[in-house]
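Listed below are the residues making up each chain.
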Amino acid sequence: MTNDTPTLGDYEAVADVDFDLDSEELDRDAINAELERLFNS
Amino acid sequence: MERRKFVLSAGALAASGGIALGTGAFSTVEAERDVGVAVSDDSSAYLGIEPGDGPNGNYVDTTDSDALAINLTGDNDNIGSGLAGGEGLNANAVTGIADLFKIQNQGTQEVQLEVAPLAFADADFANFDGVLGVLLVPQIGGVALDYDMSWTPPVNLISLSELSPGDEIDFSLAAFAIPESAVDSVEISDEIEITAEEL
């Protein structure tokens, strides 16, 4: 990905990790929304 | 009147002397000039690395050698003077910290800047007690800065090209910890590598 808002999946890819997020309190959408907010702040 | 004439005459003599000396050849010149070199702390070095301008800059601490350090622990020296007692992230939550620190080109030429890694993780695999993820976020979505982000695996870094003298880039942090038992079971103690190379 180039010059787009990063997502959790991008971070997982470059770091070669896979965050297992099955928590009801926390999901990928919440993290991606925060990443977008910070990236564009 | 007589004194004034004398002064003018002395000036003329000095000028004549200077011209006469200048026409002579020389074989060597030895001169001494001052050299001043200082080693600066991170905030004022040619590659400036310093806390964010706002209150969130208090999440950044310094090491014993005045180097910048992200410190989201109870050891942050700003606790009590900027940080009101917090000692870590919430579990079962996403924490976003904008304007955490910034990197500024305070040198003379364009550089390519690399920051690595972008993602940090820890997991308690033995007891399945917790997962902690920390992601660095460059705040380049809203600024007019020429950059080139590369997310190509397996290189866990951001590359920003053409960071001109005076340009700066702010960094934020997004982090999450799950589940509740992540408290005191996972932690991160690592380093960020910041590289600037002339273009």
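Conventions we followed
- Residues numbered from 1 in each chain as written.
- Chains lettered and ligands numbered in written order.
- Predicted model: local features only at pLDDT ≥ 70, side-chain atom pairs only at ≥ 80, totals over all residues.
- Heavy atoms only, no water.
- Helix = DSSP H or I, 4+ residues; strand = E, 2+ residues; numbered from the N terminus.
- Contact = heavy atoms within 4.5 Å.
- Areas by Shrake-Rupley, 256 points an atom, 1.4 Å probe, with all protein chains shown as cover.
- Pairing = 2+ DSSP bridges.
- Axes fitted to C-alpha atoms, helices over the stretch in contact; angles between N-to-C directions.
- Buried < 20%, exposed > 50% of the residue type's maximum accessible area, 1.4 Å probe, protein only.
- 1 Å grid on protein atoms, 1.4 Å probe; cavity = no way out; pocket = protein on both sides within 12 Å on 5 of 7 lines; lining within 4 Å.
- Points joined across faces, edges and corners; volume = space filled by probe spheres on them.
- Nonpolar A, V, L, I, M, F, W, Y, C, P; charged D, E, K, R; others polar.
- Core = buried A, V, L, I, M, F, W, Y, C linked by side-chain atoms within 4.5 Å.
- Patch = residues over 30% accessible without salt bridge, like charges linked within 9 Å, V, L, I, M, F, W, Y side chains within 5 Å.
- Salt bridge = Lys/Arg side-chain N within 4 Å of Asp/Glu carboxyl O.
- Lys, Arg positive; Asp, Glu negative; His and termini not counted.
- Charge placed at Lys NZ, Arg CZ, Asp CG, Glu CD.

- Per an unreviewed UniProt entry, chain B carries the name DUF1102 domain-containing protein and comes from Natrinema salsiterrestre.

**A short note on the overall build of chain B**
Point 1. Regarding its fold elements, chain B presents one helix and ten strands.
Point 2. Reading chain B from its N terminus to its C terminus gives the helix and strand order α-β-β-β-β-β-β-β-β-β-β.
Point 3. Looking at chain B alone, contacts between residues at least 24 apart form 73% of all its contacts between residues at least 6 apart.
Point 4. Carbon and sulfur atoms provide 50% of the accessible area of chain B, an area that totals close to 12100 Å².

**What about the sheet that holds strand S7 (residues 131-138) of chain B?**
Point 1. Within the open sheet, the five strands sit side by side as S1-S4-S9-S7-S6 (chain B). Their pairing is antiparallel. The outermost strands of the open sheet, each flanked by one partner alone, are strand S1 (47-51) and strand S6 (119-123) of chain B. If you compare each strand with its neighbour and ignore which way they point, the axes differ by 20° on average.
Point 2. Where S1(B) and strand S4 (residues 93-105) of chain B come together, five bridges link them in antiparallel fashion. Looking at the pairing, Glu50(B) lines up with Lys102(B) of S4(B).
Point 3. The strands touched by helix H1 (residues 8-15) of chain A are S6, S7 and strand S9 (168-178) of chain B; relative to S7(B), the strand with the most contacts, the crossing angle is about 100°.

**What to know about the pairing of strand S8 (residues 158-163) of chain B**
Residues and elements named next belong to chain B.
Point 1. When you tally the buried positions in S8, you get five out of six residues, the bulk of the element.
Point 2. Alignment of strand S5 (residues 111-116) against S8, held across four bridges, turns out to be antiparallel. Residue Val-115 lies in a different strand from S8, and its bridge partner there is Ile-158.

**A word on the layout of surface pockets**
Residues and elements named next belong to chain B.
Point 1. Considered as a void within the structure, the largest pocket measures approximately 1200 Å³ in volume.
Point 2. In terms of lining, the largest pocket is formed by 37 residues, of which the most central are Ile-70, Asn-71, Leu-72, Thr-73 and Ile-188.
Point 3. At the level of elements, strand S2 (60-62), strand S3 (68-70), S7 and S9 are the ones that each hand at least two residues to the lining of the largest pocket.
Point 4. In terms of residue class, the lining of the largest pocket is built from 20 nonpolar, nine polar and eight charged.

**Some words on the sheet that holds S8(B)**
Residue and element names in this part refer to chain B.
Point 1. Across the sheet, three strands lie side by side as S8-S5-S10; this open sheet has antiparallel pairing. Because the sheet does not close on itself, it has two edges, and the strands there are S8 and strand S10 (193-198). When strand polarity is set aside, the average angle formed by the axes of neighbouring strands in this sheet is 15°.
Point 2. Strand direction decides the pairing type here: S5 and S10, joined by six bridges, are antiparallel. From the neighbouring strand, Gln-112 faces S10, where its bridge partner is Glu-197.

**Section: the nonpolar core**
Nonpolar side chains tend to gather and get buried jointly when the protein is soluble and globular.
Point 1. Among the nonpolar cores identified, the biggest contains 44 residues, and Phe101(B), Leu135(B) and Phe176(B) are the most heavily contacted of them.
Point 2. Ranked by residues supplied to this core, first place goes to S9(B) with eight residues.
Point 3. With residues near it in sequence (within four places) discarded, Leu135(B) still touches Leu8(A), Tyr11(A), Ile31(A), Leu35(A), Leu118(B), Ala119(B), Ser172(B), Leu173(B), Ala174(B) and Phe176(B).

**Some remarks on the environment of Phe101(B)**
All names here are of chain B.
Point 1. Mapped onto the elements, Phe-101 comes out in strand S4.
Point 2. Put simply, Phe-101 and Leu-68 are 33 residues apart on the chain and 8.8 Å apart in space, counted from C-alpha to C-alpha.
Point 3. Apart from residues no more than four positions distant in its own chain, Phe-101 is found in contact with Glu-50, Pro-51, Gly-52, Val-60, Leu-68, Ile-70, Leu-136, Ile-169, Asp-170 and Phe-171.

**Here's the deal with a negative patch on the surface**
Point 1. Judged by side-chain charge, Asp41(B), Asp64(B), Asp66(B), Asp75(B), Asp77(B) and Glu87(B) come together as a negatively charged surface patch.
Point 2. Judged by relative accessible area, Asp41(B) falls into the partly exposed class, the value being 32%.

**What to know about the side chain of Glu50(B)**
Residue and element names in this part refer to chain B.
Point 1. Examined against the element boundaries, Glu-50 turns out to sit in strand S1.
Point 2. Here Glu-50 occupies a buried position and makes no salt bridge, while the nearest side chain of opposite charge, Lys-102, is found at 4.5 Å.
Point 3. Setting aside its immediate chain neighbours within four residues, Glu-50 contacts Ser-43, Leu-68, Phe-101, Lys-102, Gln-104 and Gln-106.

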